[in-house]
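# Survey of secondary and tertiary structure
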Amino acid sequence: NAGVTQTPKFQVLKTGQSMTLQCAQDMNHNSMYWYRQDPGMGLRLIYYSASEGTTDKGEVPNGYNVSRLNKREFSLRLESAAPSQTSVYFCASIKKRGSGRAGGETQYFGPGTRLLVL
Amino acid sequence: AQKITQTQPGMFVQEKEAVTLDCTYDTSDPSYGLFWYKQPSSGEMIFLIYQGSYDQQNATEGRYSLNFQKARKSANLVISASQLGDSAMYFCAMREGSSGGYQKVTFGIGTKLQVIP
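Quick notes on the rules
- Residues numbered from 1 in each chain as written.
- Chains lettered and ligands numbered in written order.
- Predicted model: local features only at pLDDT ≥ 70, side-chain atom pairs only at ≥ 80, totals over all residues.
- Heavy atoms only, no water.
- Disulfide = S-S within 2.5 Å.
- Helix = DSSP H or I, 4+ residues; strand = E, 2+ residues; numbered from the N terminus.
- Buried < 20%, exposed > 50% of the residue type's maximum accessible area, 1.4 Å probe, protein only.
- Core = buried A, V, L, I, M, F, W, Y, C linked by side-chain atoms within 4.5 Å.
- Contact = heavy atoms within 4.5 Å.
- Salt bridge = Lys/Arg side-chain N within 4 Å of Asp/Glu carboxyl O.

### What to know about the state of the cysteines
Tallied over the full model, the rule gives two disulfides over all chains. Here A:Cys23 pairs with A:Cys91 through a disulfide, and the sulfurs are 1.9 Å apart. In this structure, the disulfide formed by A:Cys23 and A:Cys91 twists by about -70° around the S-S bond and is classed as left-handed. Placement of A:Cys23 in strand S3 (residues 19–25) and of A:Cys91 in strand S9 (residues 87–97) is noted, with a sequence separation of 68 residues between them. In terms of burial, A:Cys23 and A:Cys91 fall into one category: buried. One disulfide bridge connects B:Cys23 with B:Cys92, the sulfur atoms lying 2.0 Å from each other. Its torsion about the S-S bond being -65°, the disulfide of B:Cys23 and B:Cys92 is classed as left-handed. Here B:Cys23, found in the loop between strand S3 (19–21) and strand S4 (24–25), pairs with B:Cys92, found in strand S10 (residues 88–96); they are 69 residues apart in sequence, far enough to count as distant.

Quick look at the structure:
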């Protein structure tokens, strides 16, 4: 198993350019998340997907779109990049253990994508 | 009020000793999850442990345990038998809302742990 993979690892964009960050997991997990991490801070949730075909906004969705076309892949798109989107982006997938209120979970993170917008 | 508070910007611990990293949280949602993550200097994010708000027992994962005190709204991480490889930034986080519906995830600012040989 490769776990969670992210591409690219590094990217430099000019303001106004667009790009898609790819994330894939081979663990058959339903839930997947996109986070961003700015210097000296914890993660902030951009979008999440509870299952194939569904997506919902997190705390900081503005300027981003996502797509969950199948169970494996959850992509994040920047339509018109801005310097404020310079950050490290992490994708994660969630393995639920048990069900209902008694269920636990384990999270698996990709290696991250470092994005610089000039 | 801060949703997640980590009051220790930095901590030192002697190798093989136990260490507690503090985390308090604030929510009015009856259903929430608490998480701890480790981020080494290499930048990767590693999930350590999860505690659900309805869990009766403290979560444990190997050398990691979560001291969950619901009434005090505290979720401290205890690392037993510290190793040099435990040196890293540690983040506490909370997810509010139920799975499949609205979810809000809030991270603390982190605690930098250094293990001394």
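### Section: the nonpolar core
Nonpolar side chains tend to gather and get buried jointly when the protein is soluble and globular. In this structure, B:Tyr25, B:Trp36, B:Ile49, B:Leu77, B:Tyr90 and B:Leu113 are the most contacted members of the largest nonpolar core, which totals 24 residues. Contributions of two or more residues to this core are made by S3, strand S5 (32–39), strand S6 (46–52), strand S8 (64–69), strand S9 (74–79), S10 and strand S12 (111–116) of chain B. Looking at this core, the element that brings in the most residues is S10(B), giving four residues. Setting aside its immediate chain neighbours within four residues, B:Tyr25 contacts B:Lys3, B:Ile4, B:Tyr32, B:Leu34, B:Phe68, B:Gln69, B:Lys70, B:Lys73, B:Ser74, B:Ala75 and B:Met94. Counting 21 residues, the second largest nonpolar core, distinct from the first, contains A:Val4, A:Trp34, A:Val66 and A:Val117.

### Observations concerning the pattern of salt bridges
Applying the stated criterion across every chain yields a total of seven salt bridges over all chains. With a closest N to O distance of 2.9 Å, A:Arg36 and A:Asp38 form a salt bridge. For B:Glu96, the salt bridge identified is with B:Lys3, shortest N-O distance 3.1 Å. Placement of B:Glu96 in strand S10 and of B:Lys3 in the segment before strand S1 (4–5) is noted, with a sequence separation of 93 residues between them. Linked through salt bridges whose partners overlap, the residues forming this network are A:Arg36, A:Asp38 and A:Arg44.

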